Amino acid sequence: GNSVTQMEGPVTLSEEAFLTINCTYTATGYPSLFWYVQYPGEGLQLLLKATKADDKGSNKGFEATYRKETTSFHLEKGSVQVSDSAVYFCALLFYSSASKIIFGSGTRLSIRP
Amino acid sequence: GAGVSQSPSNKVTEKGKDVELRCDPISGHTALYWYRQSLGQGLEFLIYFQGNSAPDKSGLPSDRFSAERTGGSVSTLTIQRTQQEDSAVYLCASSLEGVGRGNTDTQYFGPGTRLTVL
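Residues numbered from 1 in each chain as written. Chains lettered and ligands numbered in written order. Predicted model: local features only at pLDDT ≥ 70, side-chain atom pairs only at ≥ 80, totals over all residues. Heavy atoms only, no water.

Asks: Help me understand the pairing of strand 11 (residues 113-117) of chain B in this model?
Replies: The side chains of a regular strand alternate between the sheet's two faces. Residue and element names in this part refer to chain B. In strand 11, alternate side chains face the same way, and those of T113, L115 and V117 are buried while those of R114 and T116 on the opposite face are not. Sheet topology note: the strand 2 (residues 10-13)/strand 11 ladder contains four bridges and is parallel. Within strand 11, the position partnered with N10 by the bridge is R114. Across three bridges, the pairing between strand 9 (residues 88-95) and strand 11 is antiparallel. Across the sheet, A88 pairs through a bridge with L115, a residue of strand 11. (Buried < 20%, exposed > 50% of the residue type's maximum accessible area, 1.4 Å probe, protein only. Helix = DSSP H or I, 4+ residues; strand = E, 2+ residues; numbered from the N terminus. Pairing = 2+ DSSP bridges.)

Asks: Help me out: how do you make sense of the state of the cysteines in this one?
Replies: Formally, a disulfide is one covalent bond, and it connects the sulfur atom of one cysteine to the sulfur atom of another. By the definition in use, this model includes two disulfides over all chains. Bridging C23 of chain A to C90 of chain A, the disulfide has an S-S length of 1.9 Å. Across the S-S bond of C23 of chain A and C90 of chain A the torsion is about -70°, and the bridge reads as left-handed. In this pair, C23 of chain A sits in strand 4 (residues 23-26) while C90 of chain A sits in strand 10 (residues 86-93), placing the two residues 67 residues apart along the sequence. You'll find C23 of chain A and C90 of chain A in the same group, each marked buried. Across the disulfide from C23 of chain B sits C92 of chain B; the S-S distance is 1.8 Å. Taking the sign of the S-S torsion, -65° for the link of C23 of chain B and C92 of chain B, the bridge is left-handed. With C23 of chain B in strand 3 (residues 19-24) and C92 of chain B in strand 9, this residue pair connects regions lying 69 residues apart in the sequence. (Disulfide = S-S within 2.5 Å.)

The quantities given are spatial measurements derived from coordinates; they are silent on function.
If you want it as structure tokens, here you go:
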């Protein structure tokens, strides 16, 4: 079946540190891939997405590249800020059949000043 | 314009009672989705509407759960005879077109309804 595996948290970093949150997927086909973010007390927001292999999604300094050969979509940011503290969800979606998003379990990120 | 809204934001109920959760999608969005976020299960899909019909109900956990959508807009998720394991945050999302056509629609999420079953 289709699934998403992402690194377990919590992840705690100092401000301006480099961030990587790993995400790999299992899918019978070529899904679209997403990172969603949930800030404290807020709803889920789309952070970035990539719809085909080698696409790079980027937003707010975050980047992730759709790697078909390694079935990965790792999230990176060069210099994190306290305001990046949130829960990050990796997800996949097939538009050709059911339109449900399959989410990873989420990674809680805390940034120390 | 307004985003996806959900009501109530919090609901506390007693075991065995019925509850209704409401979702107002973004105006003009034809597709609507319900998800559930719980501690033990993470984020899971419940049901998808295209217009007023529900082509995918595969995520509904039991026959106590039902949902409807009227006028291609507002949707109501109903849980009958609630159980403690139904406690979760229920999220609604909408997108412009939904399934098919190879589109790359983004799903926009509401703030959720936190349901607590005592």
